[in-house]
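Now for the letters of each chain:
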Amino acid sequence: MSKRKNNSASDDNKKQKIVSKTQSSLASWVKPQQTRTVVNLETLFSKTDKKVKEVLSLEIETMNSEWLKVLSGEIQKSYFIELKKFLKNEKENNQKIFPPEPEIYSWSRYTPPSLVKVVIIGQDPYHDDGQAHGLCFSVKNGVPPPPSLVNIYKALQRDIPSFQIPKHGNLVNWAKAGVLLLNTSLTVRAHNAASHSNKGWEKFTDAVIQYLSEKKHGLVFMLWGNHAIKKGKSINKAKHLVLESVHPSPLSAHRGFFECHHWSKANDYLKSLGKEEINWNNLVETTNED
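Residues numbered from 1 in each chain as written. Predicted model: local features only at pLDDT ≥ 70, side-chain atom pairs only at ≥ 80, totals over all residues. Heavy atoms only, no water.

*Asks:* Sorry if this is basic, but what is going on with the packing of helix α6 (residues 78-92) against helix α10 (residues 201-215) here?
*Replies:* Contact pair α6 / α10: the axes reach a minimum separation of 9 Å and the direction vectors enclose 130 degrees. Here α10 runs oblique to α6, going by the angle between their axes. Handedness of the α6/α10 crossing: left-handed. Contact residues: Tyr79, Phe80, Leu83 and Leu87 in α6; Trp201, Lys203 and Phe204 in α10. In terms of residue class, the contact of α6 with α10 is built from six nonpolar, no polar and one charged. (Axes fitted to C-alpha atoms, helices over the stretch in contact; angles between N-to-C directions. Helix = DSSP H or I, 4+ residues; strand = E, 2+ residues; numbered from the N terminus. Parallel < 35°, antiparallel > 145°, perpendicular 65-115°, else oblique. Left-handed = near helix turned anticlockwise from the far one by under 90°. Contact = heavy atoms within 4.5 Å. Nonpolar A, V, L, I, M, F, W, Y, C, P; charged D, E, K, R; others polar.)

Structure follows, in structure tokens:
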């Protein structure tokens, strides 16, 4: 009897060790997501030439891991490598580039593919000091909202009267809620609008939009102005809601932007699909860029 008890206790100890080992293994896999990401990235670029890896160091180090996996093939294409060479040349010639390098891919970090519900397409990053931080129409804390963003706020309040116009222009909280704020070009030379157009960014951001159109279902695309409308021509309207209007710029907003009701239409659509609506009012909360 005593021997059986000892055997039973021994078996229980073995089982406990196995369970503890398994739990420890699971904890190490689930908890430190960054460790998993590093392993995935090593696998993702295991066959990539060392020199190409060096060229793509900014993308590998600062892009959200989900987006990096989706776009790993795209950023290794020859046009993108040429784009990176162009940006390097700008830097070597002491050209000031906006947004700062660590913020070029902030749109990807705040809104990974699994989080995207709404896509707003801009054109060029703001080109004045301290404005651009990688999200279209958004500016950093402490910077007055530019005219187009002021009009976005006005139109949104007309659409959703409970919307409170914030005193800042930082849209990070929208991005965190699932609103992908994507510019067509991701960089610009300081004080020189559209200076990085037709260098390769447009092809890259086309790939972002194409992925969302093909691989996702039930997204809302807000296309403001002819540039964004043209950019979104390939979006599958059978799978997504595509909303179009004139640009919110003071030059064109009076031609229908204030009456477009895109924000309530977006939420109605998301609700019809059983998805959580966007809380457009979350900008009144403290905006933290982390």
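*Asks:* In this structure, what is going on with the packing of aromatic side chains? I would like to understand it.
*Replies:* Each aromatic ring pair is described using two quantities: the centre-to-centre distance and the angle formed by the ring planes. Inspection of the entire model under this criterion finds 16 aromatic pairs. Ring geometry for Phe80 against Trp201: centres 5.9 Å apart, planes inclined by 80 degrees, an arrangement best described as edge-to-face. A residue pair is termed long-range when its members are at least 10 positions apart, and Phe80 in helix α6 and Trp201 in helix α10 qualify at 121 residues. Taking 5.0 Å as the distance between ring centres and 85 degrees as the angle between the ring planes, the aromatic pair formed by Trp174 and Trp280 counts as edge-to-face. Remark: Trp280 occurs in the segment after α12 (262-272) and Trp174 occurs in helix α9 (residues 172-176); sequence separation between them is 106 residues. Trp280 matches Trp174 in its accessibility class, with the two residues each being buried. Within the aromatic cluster, the residues linked to one another by ring pairs are Trp67, Tyr79, Phe80, Tyr105, Trp107, Trp201, Phe204 and Tyr211. (Phe/Tyr/Trp six-rings, centres within 6.5 Å; stacked < 30°, edge-to-face > 60°. Buried < 20%, exposed > 50% of the residue type's maximum accessible area, 1.4 Å probe, protein only.)

*Asks:* Please explain the pattern of salt bridges as it appears in this structure.
*Replies:* Pairing of side chains with opposite charge becomes possible as their charged atoms draw close. Enumeration over the complete set of coordinates arrives at 10 salt bridges. We note a salt bridge from Lys77 to Glu74, for which the minimum N-O separation is 3.1 Å. Judged by relative accessible area, which is 40%, Lys77 ranks as partly exposed. Classification of Glu74 as buried rests on a relative accessible area of 13%. Residue Glu82 is joined to Lys85 by a salt bridge in which the shortest nitrogen-to-oxygen separation is 3.5 Å. One end of the pair, Glu82, and the other, Lys85, are both in helix α6, three residues apart, so they sit about a helical turn from each other. Since its relative accessible area comes to 48%, Glu82 is described here as partly exposed. Under the relative-accessibility criterion, Lys85 is labelled partly exposed at 47%. (Salt bridge = Lys/Arg side-chain N within 4 Å of Asp/Glu carboxyl O.)

*Asks:* When you look at the UniProt feature "active site" (unreviewed entry) in the chain in this model, what are you seeing that I'm missing?
*Replies:* Summarizing the sequence annotation, UniProt attributes the feature "active site" (unreviewed entry) to Asp124 in the numbering used throughout. Along the chain, Asp124 turns up in the loop between β2 (118-122) and α8 (147-159). Sequence-distant contacts of Asp124, that is, excluding residues within four places in its chain, are made with Asn183, Ser185, Thr187, Val188, Ala193, Ala194, Ser195 and Ser197. A distance of 2.5 Å separates a polar side-chain atom of Asp124 from the backbone nitrogen of Ala194. (UniProt positions renumbered as here; feature names shortened; annotations may be inferred. Polar contact = N/O pair within 3.5 Å; in protein donor to acceptor, adjacent residues only side chain to side chain.)

*Asks:* I keep staring at the environment of Arg189 and nothing clicks. Help me out?
*Replies:* With respect to the helices, strands and loops of the structure, Arg189 is situated in strand β4 (residues 188-189). Classification of Arg189 as partly exposed rests on a relative accessible area of 23%. Beyond its immediate sequence surroundings of up to four residues, Arg189 is in contact with Glu90, Gln95, Lys96, Ile97, His127, Ser195 and His196.

*Asks:* Which parts of the structure should I look at to understand the pairing of strand β6 (residues 241-245)?
*Replies:* Bridge count between strand β5 (residues 220-224) and β6: five bridges; the pairing is parallel. When the sheet's bridge partners are listed, Val220 is paired in β6 with Leu241. Handedness of the crossover is the feature at issue here: the chain leaves β5, passes through helix α11 (residues 226-231), returns alongside β6, and the resulting connection is right-handed. (Pairing = 2+ DSSP bridges. Right-handed = clockwise from strand over helix to strand, strands pointing away.)

*Asks:* So what exactly am I meant to see when it comes to unusual backbone geometry here?
*Replies:* Trans peptide bonds make up most of the peptide bonds, and negative phi angles are found at most residues other than glycine. Cis geometry marks the peptide bond from Phe98 to Pro99; its omega dihedral reads -10 degrees. Relative to the helices and strands, Pro99 resides in the loop between β1 (97-98) and α7 (106-110). Not every positive phi belongs to a glycine, and Asn94 is a case in point at roughly 60 degrees. Looking at the element boundaries, Asn94 is found in the loop between α6 and β1. You can call Asn94 exposed: its relative accessible area is 72%. Although it is not a glycine, Asn198 sits at a positive phi angle of roughly 60 degrees.

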